[in-house]
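The lines below spell out each chain.
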Amino acid sequence: MTTLDPKADLLRYLRSAREALLWKLDGLSEYDARRPLTPTGTNLLGLVKHAAGVELGYLGDTFGRPSAEPLPWLAEGAEVNADMWAGAEESRADIVELYRRAWAHADATIETLPLDTVGRVPWWPSGRDEMTLHHAVVRVLADTQRHAGHADIVRELVDGATGMDRGNTSMPSDDPVWWVVHRARVERAARDA
């Protein structure tokens, strides 16, 4: 008989999303990991940096479990949107390691506390700042998946790499010619509509 374990399910999907997000950095030059590829500046390393702060906030501070990690981009007076890109002085290795430490801290919160534990989100308005651990994990999971999706598109724009990881593209074909034909078919449909 199988027993249901909601925490294990949440952690499995969160860990998968984290790995997908990090994979998008593999094999890229510093420039390609950092360069903005959308009008709003979306870039791969910035997505990882942002995700680290999200995990430490919602799955740490919210439940009275602050980490010792300095996050200067969240300090009062910090540049707006500074969590969404990396300055030249911020190494990729440091940001990736920060994200991995954020995972460990968040996982410890999830493993230690019951899902119905109520926490207070420090940056939300008083009186509307409570959430359960279950809600926080779902929120972080949704945010991580959303940004992994952004990373999918940004990485494809950089070098054409797609999928969850190198061994699992989840794509219908690996043939570049198939994709040229497919894209042309989609373009024709859009023009004919």
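For the structure, check the block above.
Residues numbered from 1 in each chain as written. Predicted model: local features only at pLDDT ≥ 70, side-chain atom pairs only at ≥ 80, totals over all residues. Heavy atoms only, no water.

(A) Representation of helix α3 (residues 44-58) in the model. Helix length check: α3 (15 residues) gives 21 Å between terminal C-alpha atoms against 21 Å at 1.5 Å per residue, within 8%. In terms of burial, α3 is a largely internal element, 15 of the 15 residues being buried. The backbone nitrogen of Gly46 lies 2.7 Å from a side-chain oxygen of the residue at the head of α3, namely Asn43. (Helix = DSSP H or I, 4+ residues; strand = E, 2+ residues; numbered from the N terminus. Expected span 1.5 Å × (residues − 1). Buried < 20%, exposed > 50% of the residue type's maximum accessible area, 1.4 Å probe, protein only. Polar contact = N/O pair within 3.5 Å; in protein donor to acceptor, adjacent residues only side chain to side chain.)

(B) Focus on the pattern of salt bridges. In total, this model carries 15 salt bridges according to the counting rule given. Between Arg18 and Asp107 there is a salt bridge, with its nearest N and O atoms 3.0 Å apart. Of this pair, Arg18 sits in helix α1 (residues 6-23) while Asp107 sits in helix α4 (residues 92-112), placing them 89 residues apart in sequence. (Salt bridge = Lys/Arg side-chain N within 4 Å of Asp/Glu carboxyl O.)

(C) Region of the structure containing unusual backbone geometry. For Asn81, which is not glycine, the phi dihedral falls at a positive 70 degrees. Inspection of the secondary structure puts Asn81 in the loop between α3 and α4.

(D) Quick look at the environment of Leu133. Along the chain, the position of Leu133 falls in helix α5 (residues 133-159). Of the residues examined, Leu133 reaches a relative accessible area of 0% and is grouped as buried. Counting along the chain gives 51 residues from Leu133 to Ala184, while the straight-line C-alpha distance between them is 46 Å. If we skip the residues at most four places from it in the chain, Leu133 touches Leu59, Phe63, Thr109, Ile110, Leu113, Pro114, Leu115 and Thr117. (Contact = heavy atoms within 4.5 Å.)

(E) Region of the structure containing the side chain of Arg92. For Arg92, the location among the structural elements is in helix α4. Side-chain polar atoms of Arg92 contact the backbone oxygen of Leu28, separated by 2.7 Å. Ignoring any residue separated from it by four or fewer positions in sequence, one finds Arg92 in contact with Leu25, Leu28, Ser29, Glu30, Ala33, Arg34 and Leu45.

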